Amino acid sequence: MRKNTNINIKEIRKDFPILNRKINGKDLIYFDNAATSQTPKVVIDSIISYYSNYNSNIHRGVHALSQEATNAYEDSRVKFQKYFNADNSFEIIFTSGTTHSINLVANGFKKILKAGDEIIISQLEHHSNIVPWQMLCEETGAKIKVIPIDHNGELVFSEFEKLLNSRTELVFVNHVSNALGIINPIKKIIDKAHEFNAIVLIDGAQATPHMKVDVLKLDVDFYVTSTHKICGPTGVGILYGKEKWLNKIPPFFGGGEMIDQVTFEKSTYAGLPNKFEAGTPNISGVIASGVGIDYMNSIGLENINKYEIELLDYATRKLLLIEDLKIYGVSKQKTSVISFNVGKIHPYDIGSIVDKFGIATRTGQLCAQPIMDYFKIPGTIRISFSFYNTKEEIDVFIEALHKAILMLS
Amino acid sequence: MKIKEIQEELIDEFAMFDDWVERYEYMIDLGKSLPLIESKYKTDDYLVNGCQSKVWVNAELIDDNIVFKADSDAIISKGIIAILIRVFSNHKPNEIIEASTDFIDKIGLKDHLSPNRANGLSSMIKQLKLYAIAYKTKINDE
């Protein structure tokens, strides 16, 4: 176990096999961490170990392997319960990802919402936190209201207060904007929404890689994220829900494992969390996700946050020296994400050229078209840092960016 | 010049370059010589579906030949469509429909493009060929 005081980047980088890759003959520089984080060897090994030693279906066999797999799977649930400081482990539901978690909740409110009810989302949302609610509104006749942003990309809280009223049933906001990296004042939003008895879901996909999340302190009703952004494998999501709400909404999928009694007339559902985990889940993925947060904890979220902010400040300073470069999303409350454009150069052009230098960035609308429409741009170039990135990599990127600008001007 | 000959010419031109930087720079230069579409055609109706950046293409029939014009909001896409237009423009619909597209692989263009851009390239070729099919049908009807 590493000491919890300092980050030793050299040692940490050894934990990630992919960082040895060459791309186009250059050392890989991975600056697309907001899309997915890379996977440490311990996590990869845990998947190999699962399939090599105790691959078995969970919750249903009396044999030793099934017991081992079940225990490891449920241990992972407890790890996430502690990670998010939830009251009960059954309030942690494993899904296939953030999108699945959001859809599960949206589907759950189909029979609860009535025509005329109102749902508040924000202009900063990822498409996955817009479309499911639009689908819900189409079915129920509820209406969507949108919290606007200002020119810095920050939510206008006073406008949010104006949108709230007795018809507000649900409020959905992301904890951190995927496109801009701005940290939203979710505690204030949750408290204000609760004054109107509205239920709040927070999309934490872009927050959990960078900070400690305490669902009890936040008093949030639902909190969702994906584990592939926190050193886990792809295909596993978390849905935290307060017990009372999870009991109130119906299951999303029907199938094995989620039932209590089945006759051809009617089935009764199992209790939490099984009610929402029909069929054989992503067992190895869930177990490996638990190993992923063990790994994050071994470095320490505070250390991670501190170091990533150092990278953010360093890169921001360097970028702002470039002529005509505009950063979107200006706030003191940011994660290590920078979205920018250079003059009129199309973000795809820059992304394509820096890729030739082995640098992975994200370009385009970033699944957040409403933000791009607000700024009237076709998209941005987004670089996002994780704790295994270095200032030297930022220097290489800045150099590549200069070359790209030269070629494209 | 026949389509096949223009393709050979392009293959030779790109073979002169040693690395991707020079190929990209050449592609960007070709984009600058692209016959630009009139601004009235830069609407959603003329957009090529399947490109992540915006690429507009229009085709007109002049003396039995199809003449393409295009533009893009991204410089590299503009280079790509410029290459395609140099190959396919000013030819009869049938020639365009029947033309092989294996010069793309011979230039090594796809190796240098991201999967998104490679898909965009295929969409552009499809769009040019669809225009040719549409004009062929129109000519046959008349």
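Everything numeric in this text was worked out from a predicted model, so none of it was measured. (Residues numbered from 1 in each chain as written. Chains lettered and ligands numbered in written order. Predicted model: local features only at pLDDT ≥ 70, side-chain atom pairs only at ≥ 80, totals over all residues.)

### With respect to the overall build of chain B
Counting secondary structure elements, chain B contains six helices and two strands. Tracing chain B from N to C terminus, the helices and strands come up as α-α-β-β-α-α-α-α. What you see for chain B is a C-alpha radius of gyration of 15 Å, in line with the 14 Å of a compact globule of 142 residues. Per-residue burial for chain B yields a buried fraction of 36% across its 142 residues. Of the contacts formed within chain B by residues at least 6 apart in sequence, a portion of 66% connects residues at least 24 apart. (Helix = DSSP H or I, 4+ residues; strand = E, 2+ residues; numbered from the N terminus. Rg over C-alpha atoms; globule rule 2.2 N^0.38 Å. Buried ≥ 20, exposed ≤ 12 C-beta atoms within 10 Å, placed from the backbone. Contact = placed C-beta atoms within 7 Å.)

### So, the overall build of chain A
When helices and strands are counted, chain A shows 14 helices and 17 strands. In terms of C-alpha radius of gyration, chain A reaches 22 Å, essentially the compact-globule figure of 22 Å for 409 residues. For chain A, the spread of C-alpha atoms along the principal axes amounts to about 70 × 55 × 35 Å. Across the 409 residues in chain A, those meeting the buried criterion constitute 49%.

### Some words on the packing of helix α2 (residues 41–54) of chain A against helix α10 (residues 283–299) of chain A
Residue and element names in this part refer to chain A. Contact pair α2 / α10: the axes reach a minimum separation of 9 Å and the direction vectors enclose 150°. In terms of orientation, α2 and α10 fall into the roughly antiparallel class. By crossing handedness, the relation of α2 to α10 is classed as right-handed. Residue-level inspection shows Val42, Val43, Ser46, Ile47, Tyr50 and Tyr51 of α2 in contact with α10, the latter providing Ser284, Ile287, Ala288, Val291, Gly292 and Tyr295. (Axes fitted to C-alpha atoms, helices over the stretch in contact; angles between N-to-C directions. Parallel < 35°, antiparallel > 145°, perpendicular 65-115°, else oblique. Left-handed = near helix turned anticlockwise from the far one by under 90°.)

### Comments concerning the sheet that holds strand β16 (residues 362–364) of chain A
Residues and elements named next belong to chain A. Here we have four strands laid out as an open sheet, ordered β13-β14-β17-β16, and antiparallel in their pairing. Both edges of this open sheet fall to β13 (325–328) and β16, since each of them pairs with a single strand only. Taking each pair of neighbouring strands and ignoring which way they run, the sheet shows an average axis angle of 30°. Here three bridges tie β16 to strand β17 (residues 380–384), and the two strands are oriented antiparallel to one another. Across the sheet, residue Gly364 finds its bridge partner in β17, namely Thr380. The strands that helix α12 (residues 347–356) touches are β14 (337–342), β16 and β17; relative to β16, the one it contacts most, it runs at about 155°. (Pairing = 2+ DSSP bridges.)

### Regarding the sheet that holds strand β8 (residues 199–203) of chain A
Residue and element names in this part refer to chain A. If you trace the seven strands from one edge of the open sheet to the other, you get β4-β10-β9-β8-β7-β5-β6, paired in mixed fashion. At either margin of the open sheet sits one strand with a lone partner, and together these are β4 (92–95) and β6 (143–147). This sheet shows a mean twist of 20° between the axes of neighbouring strands, independent of strand direction. As judged from the five bridges shared by strand β7 (residues 168–174) and β8, these two strands associate in the parallel manner. Across the sheet, Leu170 pairs through a bridge with Ile199, a residue of β8.

### Concerning the environment of Leu239(A)
Here Leu239(A) shows up in strand β10 (residues 237–241). Filtering out sequence-adjacent residues up to four positions away, Leu239(A) remains in contact with Ile93(A), Thr95(A), Ser101(A), Leu104(A), Phe222(A) and Val224(A).

### Thoughts on the interface of chain B and chain A
On the side of chain A, eleven residues touch chain B, which itself brings twelve residues to the contact. When residues of the side of chain B that touches chain A are traced back to their parent elements, those giving at least two are α2 (20–32) and α3 (75–88) of chain B. Top element by residues in the side of chain B that touches chain A is α2(B). It accounts for four residues. Broken down by class, the residue content of the side of chain B that touches chain A amounts to six nonpolar, three polar and three charged. (Nonpolar A, V, L, I, M, F, W, Y, C, P; charged D, E, K, R; others polar.)

### Concerning unusual backbone geometry
All names here are of chain A. Cis geometry is found at the peptide bond from Leu272 to Pro273, where omega equals -5°. Along the chain, the position of Pro273 falls in the loop between β12 (267–269) and α10. The backbone of Asp324 shows a phi angle near 65°, a positive value even though the residue is not glycine. By C-beta crowding, Asp324 is classed as exposed, having 11 other C-beta atoms within 10 Å.

### Observations regarding helix α3 (residues 64–84) of chain A
Residue and element names in this part refer to chain A. Compared with an ideal rise of 1.5 Å per residue, which puts 21 residues at 30 Å, α3 spans 30 Å between its outermost C-alpha atoms and is within 8% of the ideal. Of the residues making up α3, those classed as buried are Ala69, Ala72, Tyr73, Ser76, Arg77, Lys79, Phe80, Tyr83 and Phe84. The buried residues of α3 occupy an angular sector of 155° when the element is viewed end-on, so they sit on one face. Its buried side turned inward, α3 meets α2, β4, α8 (215–218), β9 (222–226), β10 and α10. Of the residues trailing α3, Asn85 is marked for its positive phi of about 55°. (Expected span 1.5 Å × (residues − 1). Arc of directions from axis to C-beta.)

### Here we look at the packing of α3(A) against α10(A)
Residue and element names in this part refer to chain A. Axis separation between α3 and α10 bottoms out at 9 Å; the angle between their running directions is 40°. Relative to α10, α3 is oriented oblique. Here α3 and α10 pass one another in a crossing that is left-handed. On the side of α3, the interface is formed by Ala69, Ala72, Tyr73, Asp75, Ser76, Lys79, Phe80 and Tyr83, while α10 contributes Ile283, Val286, Ile287, Ser289, Gly290, Ile293 and Asp294. Each residue belonging to the contact of α3 with α10 can be placed in one class, and the counts come to nine nonpolar, three polar and three charged.

### What to know about the domain arrangement of chain A
Residue and element names in this part refer to chain A. When cut into domains, chain A gives domain 1 (9–40 + 300–408) and domain 2 (45–297). Here the C-alpha centroids of domain 1 and domain 2 sit 28 Å apart. Breaking the side of domain 1 that touches domain 2 down by element, the ones donating at least two residues are α11 (301–320), β14 and α13 (369–375). If one sorts the elements of the side of domain 1 that touches domain 2 by residue count, α11 sits on top with four residues. Of the residues contributing to the side of domain 1 that touches domain 2, the split by class is 14 nonpolar, twelve polar and three charged. (Domains from an automatic or database assignment.)

### With respect to the environment of Leu19(A)
In this fold, Leu19(A) is placed in the loop between α1 (9–14) and β1 (22–23). Overall, Leu19(A) belongs to the partly exposed group, with 17 C-beta atoms counted inside 10 Å.

### Digging into the environment of Ser166(A)
All names here are of chain A. If you trace the backbone, Ser166 turns up in the loop between α6 (157–163) and β7. For Ser166, a count of 9 C-beta atoms within 10 Å puts it in the exposed group. For Ser166 and Tyr223, which are 57 residues apart along the polypeptide, the C-alpha to C-alpha distance reads 23 Å.

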